[in-house]
Amino acid sequence: AAPILRTDALVVGAGPVGLFQAFQLGLLGLSVQIVDALPQAGGQCVELYADKPILDIPGIVESSGRDLTDRLLAQLAPLAPGWHLGQEVTRLARRDDGRFDAACADGTAFDAGAVFICAGVGAFQPRRLKAPGLDGLEGRHLHYHPGTAPAALARFAGQRVLVIGGDEAALLRAAALAERDDLPAVQLMHRRDVLQADAALLARIDALRQAGRIVFHAAQLAAARQDEAGRLLQVDIALPDGSARTLDLDTLVVCQGLSPRLGPIADWGLAMDRKLLVVDPATFETSVPGIHAAGDIAGYPGKRKLILCGFHEATLAAHAAHERLRPDERGPLLYTSSSALLQRRLGRI
Ligand code: FAD
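All values derive from a computational prediction rather than experimental measurement.

S.K.: Help me out: how do you make sense of the overall build of the protein in this one?
M.R.: Within the protein one finds 8 helices and 22 strands. Each of the three principal axes of the protein carries a C-alpha extent, and together these read 70 × 45 × 35 Å. Per-residue burial over the protein gives 36% buried out of 349 residues. Considering only residue pairs separated by 6 or more positions, the protein has 63% of its internal contacts joining residues 24 or more positions apart.

S.K.: Would you take a moment to explain the confidence of the model for the protein for this structure?
M.R.: Note that predicted coordinates carrying low pLDDT should not be read in detail. Per-residue confidence for the protein gives a mean pLDDT of 95, with 100% of residues at or over 70. Confidence metrics for the complex model read pTM 0.84 and ipTM 0.99.

S.K.: What's the story with the pairing of strand β17 (residues 251–254) in this structure? I'm lost.
M.R.: Regular strands show a simple pattern: their side chains alternate between the two faces of the sheet. Going residue by residue along β17, you find Thr251 and Val253 tucked away on one face and Leu252 and Val254 tucked away on the opposite face as well. As defined by bridge partners, strand β11 (residues 161–164) adjoins β17 across 4 bridges and the pair is classed as parallel. Of the residues in β17, the one forming a bridge with Val161 is Thr251.

S.K.: I'm lost on the nonpolar core in this one. Help?
M.R.: For soluble globular proteins, nonpolar side chains are generally found buried alongside one another. Membership of the largest hydrophobic core comes to 55 residues, with the highest contact counts inside it found for Ala9, Val12, Val115, Phe116 and Ile117. Among the elements that line this core, the one with the most residues is helix α1 (residues 16–27), at 7 residues. Beyond its immediate stretch of four places on either side in the chain, Ala9 contacts Leu25, Leu30, Ser31, Val32, Ala112, Gly113, Ala114, Phe116 and Ala321. Core analysis: the next-biggest nonpolar cluster, separate from the first, contains 32 residues, Leu171, Leu195, Ile214 and Leu221 among them.

S.K.: Explain the sheet that holds strand β16 (residues 244–248) here, please?
M.R.: One key point about sheets: their strands pair by backbone hydrogen bonds, in either a parallel or an antiparallel sense. With antiparallel pairing, the 3 strands of this open sheet are ordered in space as β14-β15-β16. The open sheet has two free edges, formed respectively by β14 (220–226) and β16, since each of these has just one partner strand. Across this sheet, the average inter-strand angle for adjacent strands is 25°, counted without regard to direction. When β14 meets strand β15 (residues 232–238), the two strands line up antiparallel, connected through 6 bridges. Across the sheet, the residue bridging to Gln220 is Ala238, located in β15.

S.K.: Sorry if this is basic, but what is going on with the UniProt feature "binding site: FAD" (unreviewed entry) in the protein here?
M.R.: The UniProt record annotates "binding site: FAD" (unreviewed entry) at Asp36, Gln44, Tyr49, Val89, Phe124, Asp296 and Ser337. In sequence the annotated residues extend across 302 residues, and in space they extend as well, their farthest C-alpha pair lying 37.1 Å apart. Relative to the helices and strands, Gln44 resides in helix α2 (residues 43–47). With near-sequence residues (within four places) excluded, Gln44 lies in contact with Gly15 and Gly120.

S.K.: When you look at the UniProt feature "domain: FAD/NAD(P)-binding" (unreviewed entry) in the protein in this model, what are you seeing that I'm missing?
M.R.: Taken from the UniProt record, the annotation "domain: FAD/NAD(P)-binding" (unreviewed entry) applies to residues 8–303. Secondary structure over residues 8–303 splits into 19% helix and 32% strand, and the C-alpha atoms at its two ends are 27 Å apart.

S.K.: Please explain the site of the ligand as it appears in this structure.
M.R.: Among the 37 residues in the neighbourhood of the ligand, the closest are listed as Gly13, Gly15, Gly43, Gly120 and Gly295. Listing elements by their share of the shell around the ligand, those giving two or more residues are α1, β2 (32–36), α2, β9 (123–126) and α7 (307–325). By residue class, the composition of the shell around the ligand is 22 nonpolar, 10 polar and 5 charged.

S.K.: It is not clear to me how unusual backbone geometry should be interpreted in this structure. Could you clarify?
M.R.: With the exception of glycine, the majority of residues adopt a negative phi angle, and the majority of peptide bonds are in the trans configuration. Here His145, not a glycine, exhibits a phi torsion of approximately 45°, which is positive. Here His145 is to be found in the loop between β10 (142–144) and α4 (150–153). Among the residues examined, His145 registers 22 C-beta atoms within 10 Å and is labelled buried. A positive phi is found at Phe284, a non-glycine position, where the angle reads about 55°.

S.K.: How should I be thinking about the sheet that holds strand β13 (residues 214–218) in this particular structure?
M.R.: The 5 strands are arranged β10-β17-β11-β12-β13 in an open sheet whose pairing can be described as parallel. Across the chains shown, the open sheet's two edge strands, defined by having one partner strand only, are β10 and β13. Recorded for the sheet is a direction-independent mean angle of 20° between the axes of neighbouring strands. Taken strand by strand, helix α5 (residues 168–178) contacts β11, β12 (186–190), β13 and β17, and its axis lies near 160° from that of β11.

Criteria and thresholds
Residues numbered from 1 in each chain as written. Predicted model: local features only at pLDDT ≥ 70, side-chain atom pairs only at ≥ 80, totals over all residues. Helix = DSSP H or I, 4+ residues; strand = E, 2+ residues; numbered from the N terminus. Buried ≥ 20, exposed ≤ 12 C-beta atoms within 10 Å, placed from the backbone. Contact = placed C-beta atoms within 7 Å. pLDDT = per-residue confidence, 0-100. Pairing = 2+ DSSP bridges. Core = buried A, V, L, I, M, F, W, Y, C linked by C-beta atoms within 7 Å. Axes fitted to C-alpha atoms, helices over the stretch in contact; angles between N-to-C directions. UniProt positions renumbered as here; feature names shortened; annotations may be inferred. Near = placed C-beta within 6 Å. Nonpolar A, V, L, I, M, F, W, Y, C, P; charged D, E, K, R; others polar.

Take a look at the structure:
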């Protein structure tokens, strides 16, 4: 079994608030492990509006969702938390000694002094493809939102791939695959003839279609066929005029959107009100002492689901946890602008 990671703080969720939560905890000298179900940090900012401008972060006149995430990651980097991306925290239980046992679906286990749930609207899960004949293909011939790094795409070498979806996530993967010279032309299928992405990506897709590297179908999946060994052979697609076509394929890459699922968090015995974790706005502690919540998942009178509010919540949660975990360190509030201790932690001196 994997070793149990002992940490002062476990942060569940690496959206903007989870990242700043980890920063505030690290600044107070606490060790941090951070987990996110997605393969990258940024939460909604990266998943839902990576390239849109955010205009209401104090002091940052404009940043895109991705840019804000990059800035938060750079700010956090000197504090070097432990990272666990692509993993969902499924289990959380308070022990008799007041510490917490937590575990991810893959078996990664934590022994944490305090827990910070910054889970936003839940762990993003891919919308599943539904059609007869798909059973057992996932992970072998059916991939949801695979990574776009060259190393992640190399697994598709030599394969006949059908990318399903019509938004940026699908088009990015179709383009990246079609631009490789180690696989045949890529098929792209969306239920409508309208694709949604920024102008540059749409132009890239158009050029690849004209070059014959992407073959587009406005259609929907009707059924898939496998051979006796469970290998994908063909799919039937239904066209809007009612006709059908059969495509010979090796692999389906599916990007039909991600939907958040609160999932296991609802089973951790924490008081909830309309899908939000009820918190005390002085400490951002949930109904279980030592488990805090900040960001979109936290509910209290006057709550607004804004990034800036999440930053405030995370800061007070970190200070409350620090007082509980390190009562002997209680002292005056330190400023980053004048405290040598904080500057040292941030690698400035
Ligand atoms: P999220 O960003 O939702 O991140 C939560 C993370 O937790 C996710 O990555 C999820 O995968 C992970 N997670 C959940 N459960 C688990 C689990 N069990 N295990 C592991 N990981 C888990 N706000 C503004 O202030 N200004 C804006 O201009 C603005 N524009 C917006 C535009 C759009 C289109 C949308 C949808 C929102 C916008 N918001 C804006 C709101 C803002 O994005 C949210 O308030 C913010 O993302 C909340 O951050 P968070 O870290 O709490 O949650």
